[in-house]
Amino acid sequence: MDSTFYLVVKSLHIISMVAWMAGVLYLYRLFVYHSMESETVVKARLQVMEYRLYRYITIPAMVATYLFGIAMLALKPDFFSQGWFHMKLAAVAGMTWVTYYGGAQKDALEAGDCKTTTRMFRILNEVPTLLLIVIVFMVVLKPFSQLPR
């Protein structure tokens with residue numbers, strides 16, 4: 001395996017993950033503003049921002065993160081035998097859920113029938129950060145390196 005190629009793929013994985021995280025964090029912040037807003041014109045502007053952010057940045061960045069992650073796994077399949085990787089995958093699954101839940105909230109806000117409170121949006125805005133902390137610590141520290149046999 002060419003280590004330079006692996007490092008390029010890893011770099012692209014990290015870049016796309018940062019874009020994904022930025023998209024999710026900003027999306028939920030927009031939801032906080034949207035849920036507090038009463039002006040129709042401002043709500044319409046926020047809907048456009050939410051749509052574009054979700055459709056053109058967040059989802060493509062998530063897909064790219066998955067594709068580069070899968071490419072890394074193809075190059076280093078031994079990650080599957082390491083406990084830290086399983087924990088990272090669980091956190092990535094959580095991040096994926098947060099992303100798609102954000103899409104559902106975007107649709108509900110657009111339809112005018114969102115039941116989620118501003119307080120809940122503020123709480124949900126912190127979830128991606130907590131998941132990011134888990135992911136980074138797993139990748140950097142690599143605890144549980146060998147799964148028990």
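Computed from a prediction, not measured in an experiment: that's the story for all the values here.

Each helix and strand in the chain was counted, giving five helices and zero strands. Beginning at the N terminus, the succession of helices and strands in the chain can be written as α-α-α-α-α. Its C-alpha atoms put the chain at 55 × 30 × 20 Å along the principal axes. A buried classification covers 36% of the 149 residues belonging to the chain. The long-range fraction of contacts in the chain, counting pairs at least 24 apart against all pairs at least 6 apart in sequence, stands at 81%.

Moving on, we get to the layout of surface pockets. The space that makes up the largest pocket amounts to roughly 540 Å³. Every residue lining the largest pocket is counted, 25 residues in all, and those nearest its centre are His-13, Met-72, Lys-88, Ile-135 and Val-139. If one sorts the elements of the lining of the largest pocket by residue count, helix 1 (residues 3–36) sits on top with seven residues.

Attention now moves to the packing of helix 2 (residues 40–75) against helix 3 (residues 83–111). One way to put it is that helix 2 packs onto helix 3 with a least axis distance of 11 Å and a crossing angle of 160°. Considered as vectors, helix 2 and helix 3 are oriented roughly antiparallel to each other. For helix 2 against helix 3, the interelement crossing comes out left-handed. Along the contact surface, helix 2 presents Gln-47, Glu-50, Tyr-51, Tyr-54, Thr-58, Ile-59, Met-62, Tyr-66 and Leu-73, while helix 3 presents Phe-85, Val-92, Thr-96, Thr-99, Tyr-100, Gly-102, Gly-103, Lys-106, Leu-109 and Glu-110.

Rules behind the numbers
- Residues numbered from 1 in each chain as written.
- Predicted model: local features only at pLDDT ≥ 70, side-chain atom pairs only at ≥ 80, totals over all residues.
- Heavy atoms only, no water.
- Helix = DSSP H or I, 4+ residues; strand = E, 2+ residues; numbered from the N terminus.
- Buried < 20%, exposed > 50% of the residue type's maximum accessible area, 1.4 Å probe, protein only.
- Contact = heavy atoms within 4.5 Å.
- 1 Å grid on protein atoms, 1.4 Å probe; cavity = no way out; pocket = protein on both sides within 12 Å on 5 of 7 lines; lining within 4 Å.
- Points joined across faces, edges and corners; volume = space filled by probe spheres on them.
- Axes fitted to C-alpha atoms, helices over the stretch in contact; angles between N-to-C directions.
- Parallel < 35°, antiparallel > 145°, perpendicular 65-115°, else oblique.
- Left-handed = near helix turned anticlockwise from the far one by under 90°.

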